[in-house]
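Each chain is listed here by its residues.
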Amino acid sequence: MRPILITNATLVDPAKNKVERGAVLFADKILAIGDIASGPDGAEVVDAEGAHIMPGLIDMRVVIGEPGAEHKETFKSAGRAAAAGGVTTLVMMPNTTPVIDDQSLVDFVLRRAGDRSGGVHILPAAALTKNLDGALMTEIGLLAEAGAVMFSNGDRPIADTRVLLRALKYATAFGALIAHRPEDPYLAEGGVMHHGELAARLGLAGIPSAAEGIMARRDLELAELTGGRLLMDMLSTAEALRPLVRAKARGVKAVASVNVHHLVLNENDVDGYRTFAKLSPPLRSEGDRVALVEAVREGVIDVIVSGHDPRPAEDKRLPFAEAAFGAVGLETLLPGALSLYHKGDVALPALIRAMTMRPAEILNLPQGRLAKGAPADLILVDVGAPFKLDSDKLRSKSNNSPFDEKTLQGIVKRTFVGGRTIFPV
Amino acid sequence: MAQRPSGTKKNDSGPVRFRHKHLLAIGDLDRFEVAALLDRAETFEPLLEQKVKKLNALHGRTLINLFFENSTRTQSSFELAGKRMGADVVNMSVKSSSVAKGETLIDTAATLNAMRPDLLVVRHGASGAAELLARKVDCAVINAGDGQHEHPTQALLDAFTIRRRLGAIEGLTIAICGDVQHSRVARSNVALLNMLGARVHLIGPPTLMPAGAEHWGARVFHDMREGLKGADVVMMLRVQRERMDGGYFPSAREYFWFYGLDEDKLKLAKPGALVMHPGPMNRGVEIDSNVADNPNVSLIETQVRMGVAVRMAVLEALAESGANGERV
């Protein structure tokens, strides 16, 4: 394989707290970093012109329509969108048709995605309960052996406390990671946006913050009781952060993620009944958003995800209450997150860490590091370059983005997986 | 071995003299009493090969088998043991008793007590039921399994089986694998094997391991391959199929893959390790037929055979203690 030397770059090493100027030399793995005078004979030399080189992003929460809803997204279209967005590894949610709750389906995803994703690593999360019914746990041991990297009930939180208790406990035998979205289904039932003044004014049913806070406290207690590994999937409220901070201080094996949209937008973005900003969990108050940003800065929230959830226009162009939840995010994860950097809210290495090194640590992946010997899954990014998002030009099969027509900064110039350029093609 | 206390005697001098009125849990016994019981069982064991298998030590005594749960081997084992010792044996099972008509356990105890039996063997689905009965009757009560609590004669026959095959129990490593949480056999065995100086490994999925099992005097493993290392004996526990619907583990297939004993996993134990199972077995769930039916490693049939001899010794000891008035 022909080595590549990228010179004159700004290196973003998520293990460090500051960026440095330098070069990186890699083939399938990173060969050298720092001050490299010249590459080996025959190496391709790229002048980064000061652009940033960083590990490819690891997006821990992506919905793909394959199998079962290929009109929304396929491995191929998701792979294209990911590569353009600088995402080199993604975890695919199990809420497909059929639900990924059997070894053979894990195997299908790994093989088929491997063939079709254009080089992007697509790793399956398996269902936590059979058919996502929230009643009986799946074959966590066998699914993990087959290659499931974590276990999730998707967007269907488990109401039965004992089911989650047993799953968390059983999973400890395999060290398996249980992702669970804390949302009390009874409190959230019928709600379509954040419960508050705006919902009242719009005449829309609200989802109270307590629906998340109560469930978050329950889940953290269960994690503590069982010793299980819990990923608090897509937190949206300040209420959930307080118990998380305390639990982490006690040594509970809990980590948390946040959807990038919740770091950038708030409930006001749904004003005017904008269904493209209808998310689950809902966009919350500005106070919640600020608290989430601070939690990312402090490392209380470990991971930023895209929450990529493709929905065709016909599912969104409906009265607000009837429209589907969800937004695509593979191509806006990086520029969305970078807005926090540009506003001075979060330093660049800490921000990138939440999309590279932390997910890699949580998933036990070798990727996500800018270090010698790490896989050469890298992205070259012009972090300051502005663009106006035209959602019609998204590579995803669906284009339901609340960032549509917003000006963002951060353009991926080149994406490498294992040293091979997968974007631009 | 330390000097025996005066309360027990060795087999060559006749029946075991017991300090206890009942046998409800292994904790009722000390190691000297256990040794004396197993020694005594040793003298009964050859009877099974004789044409006439009957003694008359319990001639004229009455044993009532009171089984509130279905059991084939334990009930028939006690019945045979009683008959071989010369006792009159009455079997009462729940279907033919007035319990089915709504009588409480204590009413049943009073009724049976009025019949003046000498020995009452009881199995009940509720933990503590044998102890409750023992408080309400005048005769000796033998716990033949109470809920998820204890099954002391099973542990005694398991120890007897191991001792006959391997000579001594002290210093052995014994792995007990499966649904420890719901197993009375495991509780009795851990207590007895600890008393006799064995190292006990408890193996099972976290959902089937009781809270605090690591404080029982056993090492707890959730990885069967780790737990089997160094084991001289592997005791498999029955896993109830209804535990799957209860959500303790996802499927029989997954259970067998991670916690079922097959030839492959058995290779991780000591060379020549022996396999036991209290029965009845779920083949293909907790144990592979190739292991269960391999006469070189499986002691499963031997366990059944040893059960009768051990129970003869237990019945005799308790009948004796009733006769000589040394009740505690």
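To be clear, the structure that these remarks concern was listed above.
How big an interface is tends to be stated in terms of the accessible area lost upon association of its parts. Taken together, the contact pairs 18 residues of chain A with 18 residues of chain B. Contact between chain A and chain B buries roughly 1500 Å² in total, counting both sides, with carbon and sulfur atoms accounting for 55%. A salt bridge links Arg253(B) to Asp102(A); the shortest N-O distance between them is 3.4 Å. Taken together, chain A and chain B are joined by 10 residue pairs in polar contact (both at pLDDT 80 or more). Listing elements by their share of the side of chain A that touches chain B, those giving two or more residues are α3 (140-146) and α4 (161-171) of chain A.

This next bit is on the packing of helix α7 (residues 209-226) of chain A against helix α8 (residues 238-249) of chain A. Residues and elements named next belong to chain A. Remark: α7 packs on α8, axes separated minimally by 7 Å, with the N-to-C direction vectors making an angle of 15 degrees. Accordingly, the angle class assigned to the pair α7 and α8 is roughly parallel. Handedness of the α7/α8 crossing: right-handed. When α7 is examined against α8, the residues Ser-209, Glu-212, Gly-213, Ala-216, Arg-217 and Leu-220 are found in contact with a partner set consisting of Glu-239, Ala-240, Pro-243, Leu-244 and Ala-247. Taken together, the residues of the contact of α7 with α8 sort by class into 6 nonpolar, 2 polar and 3 charged.

With that settled, consider the nonpolar core. By size, the foremost hydrophobic cluster in this structure holds 131 residues, and its most contacted members are Leu90(A), Ile304(A) and Leu261(B). Leaving out residues up to four positions away in the same chain, Ile304(A) has contacts with Val258(A), Val260(A), Leu263(A), Val296(A), Leu333(A), Leu351(A), Ala354(A) and Met355(A). Judged by nonpolar contacts, the second largest core, of 65 residues, contains Phe44(B), Met85(B), Met235(B) and Met312(B).

With that settled, consider the pairing of strand β8 (residues 233-236) of chain B. Residues and elements named next belong to chain B. The alternating pattern of β8 places Val-233 and Met-235 and Val-234 and Met-236 on opposite faces, both of which are buried. In the sheet, strand β5 (residues 173-177) pairs with β8 via 4 bridges, with the strands oriented parallel. By the bridge assignment, Ile-174 is partnered in β8 with Val-233. Inspection of the sheet shows β8 paired to strand β9 (residues 274-276) by 3 bridges, in the parallel sense. Along β9, the bridge assignment pairs Val-234 with Val-275.

As enumerated under the stated definition, the model contains 6 aromatic pairs over all chains in all. Summarising the aromatic geometry, the rings of Phe249(B) and Tyr255(B) are spaced 4.8 Å apart at their centres and angled 45 degrees between planes, so their arrangement reads as tilted. On the basis of relative accessible area, Phe249(B) is assigned to the buried category, the value being 2%. What makes Tyr255(B) buried here is its relative accessible area of 1%. Between Tyr255(B) and Tyr259(B), the aromatic rings sit 5.8 Å apart at their centres with planes inclined by 40 degrees, giving tilted as the arrangement. Linking Tyr255(B) with Tyr259(B), this pair stays in helix α9 (residues 252-259), spanning 4 residues, or about one helical turn. Members of the aromatic cluster, each reached through a chain of ring pairs, are Tyr170(A), Phe174(A) and Phe258(B). Lying across the ring of Phe325(A), Lys278(A) places its NZ or CZ 4.5 Å from the centre.

All right, on to helix α1 (residues 75-85) of chain A then. Residues and elements named next belong to chain A. For α1, the tally of buried residues reaches 9 of 11 residues, placing the bulk of the element in the interior. Here α1 has its buried residues at Phe-75, Ser-77, Ala-78, Gly-79, Ala-81, Ala-82, Ala-83, Ala-84 and Gly-85. In the segment just after α1, Gly-86 is the residue with positive phi, at about 85 degrees.

Among the structural elements, Lys18(A) can be located in the loop between β1 (4-11) and β2 (20-26). Taking C-alpha positions, Lys18(A) is 25 Å from Met60(A), a pair spaced 42 residues apart along the chain.

Moving on to the packing of helix α5 (residues 152-166) of chain B against helix α6 (residues 184-195) of chain B. Residues and elements named next belong to chain B. Where α5 contacts α6, the axes come no closer than 8 Å and their chain directions differ by 50 degrees. Classed by the angle they form, the pair α5 and α6 counts as oblique. Considering only the axes of α5 and α6, their crossing is right-handed. Contacts from Pro-152, Gln-154, Ala-155, Leu-156, Asp-158, Ala-159 and Ile-162 of α5 reach α6 at Val-185, Ser-188, Asn-189, Leu-192 and Leu-193. Across the contact of α5 with α6, the residue classes tally to 8 nonpolar, 3 polar and 1 charged.

All names here are of chain B. A rise of 1.5 Å per residue sets the reference length of helix α1 (residues 31-44), with its 14 residues, at 20 Å; its end C-alpha atoms lie 20 Å apart and thus fit the reference within 8%. A large share of α1 lies buried, amounting to 11 of its 14 residues. Phe-32, Glu-33, Val-34, Ala-35, Ala-36, Leu-37, Leu-38, Asp-39, Arg-40, Ala-41 and Phe-44 are the residues of α1 that are buried. Between the side-chain oxygen of the N-cap and the backbone nitrogen of Phe-32 there are 2.9 Å, and the N-cap of α1 in question is Asp-30.

A word on unusual backbone geometry. In this structure, Pro67(A) follows Glu66(A) across a cis peptide bond, with omega equal to 0 degrees. A cis amide bond, omega 0 degrees, links Thr97(A) with the succeeding residue Pro98(A). With respect to the element layout, Pro98(A) can be found in the loop between β7 (87-92) and α2 (103-116). Although it is not a glycine, Asn364(A) adopts a positive phi angle of roughly 55 degrees. Topologically, Asn364(A) is positioned in the loop between α14 (357-363) and β16 (378-388). Judged by relative accessible area, which is 63%, Asn364(A) ranks as exposed. Positive phi, close to 55 degrees, is recorded for Arg116(B), a residue that is not glycine. By the secondary structure assignment, Arg116(B) is in the loop between α3 (105-114) and β3 (119-124). We classify Arg116(B) as exposed; its relative accessible area is 55%.

Bringing the sheet that holds strand β6 (residues 57-62) of chain A into the picture now. All names here are of chain A. The 8 strands lie next to each other as β6-β7-β8-β9-β10-β13-β14-β15, forming an open sheet whose pairing is parallel. The sheet terminates laterally at β6 and β15 (303-305), the two strands that pair on one side only. Within this sheet the neighbouring strands show an average axis-to-axis angle of 30 degrees, counted without direction. One ladder, built from 4 bridges, connects β7 with strand β8 (residues 121-127); its direction is parallel. Paired with Met-92 across the two strands is Pro-124, which belongs to β8.

Right, let's get into the environment of Ser188(B). Residues and elements named next belong to chain B. Relative to the elements of secondary structure, Ser-188 occurs in helix α6. Looking at Ser-188, the relative accessible area reads 0%, which means it is buried. Apart from residues no more than four positions distant in its own chain, Ser-188 is found in contact with Ile-26, Glu-150, His-151, Pro-152 and Ala-155. A distance of 2.5 Å separates a polar atom in the side chain of Ser-188 from a polar atom in the side chain of Glu-150.

Looking now at the sheet that holds strand β6 (residues 199-203) of chain B. Residue and element names in this part refer to chain B. Here 5 strands make up an open sheet; going across it, the order is β7-β6-β5-β8-β9 and the pairing parallel. Of all strands in the sheet, those bounded by a partner on one side alone are β7 (219-221) and β9. Direction aside, neighbouring strands of the sheet carry axes that sit 20 degrees apart on average. Each of β5, β8 and β9 touches α5; the most contacted strand, β9, lies at about 165 degrees to it. In the packing of α6 onto the sheet, contacts are made with β5, β6 and β8, and the angle to β5 comes to roughly 170 degrees.

Before going further, it helps to examine the pattern of salt bridges. Counted by the stated rule, this structure contains 41 salt bridges over all chains. As a salt-bridge pair, Asp390(A) and Lys393(A) come within 3.9 Å of each other at their nearest N and O atoms. Given the relative accessible area of 32%, Asp390(A) is considered partly exposed. Take Lys393(A): its relative accessible area is 65%, and that puts it in the exposed class. Each member of the salt-bridge network shares a partner with another, and the members are Asp39(B), Glu42(B), Glu45(B), Glu49(B), Arg163(B), Arg164(B) and Arg305(B).

Cut-off values and rules
Residues numbered from 1 in each chain as written. Chains lettered and ligands numbered in written order. Predicted model: local features only at pLDDT ≥ 70, side-chain atom pairs only at ≥ 80, totals over all residues. Heavy atoms only, no water. Contact = heavy atoms within 4.5 Å. Buried area = accessible area lost by both parts, 1.4 Å probe. Salt bridge = Lys/Arg side-chain N within 4 Å of Asp/Glu carboxyl O. Polar contact = N/O pair within 3.5 Å; in protein donor to acceptor, adjacent residues only side chain to side chain. Helix = DSSP H or I, 4+ residues; strand = E, 2+ residues; numbered from the N terminus. Axes fitted to C-alpha atoms, helices over the stretch in contact; angles between N-to-C directions. Parallel < 35°, antiparallel > 145°, perpendicular 65-115°, else oblique. Left-handed = near helix turned anticlockwise from the far one by under 90°. Nonpolar A, V, L, I, M, F, W, Y, C, P; charged D, E, K, R; others polar. Core = buried A, V, L, I, M, F, W, Y, C linked by side-chain atoms within 4.5 Å. Buried < 20%, exposed > 50% of the residue type's maximum accessible area, 1.4 Å probe, protein only. Pairing = 2+ DSSP bridges. Phe/Tyr/Trp six-rings, centres within 6.5 Å; stacked < 30°, edge-to-face > 60°. Lys NZ or Arg CZ within 6 Å of the ring centre and 35° of its normal. Expected span 1.5 Å × (residues − 1).

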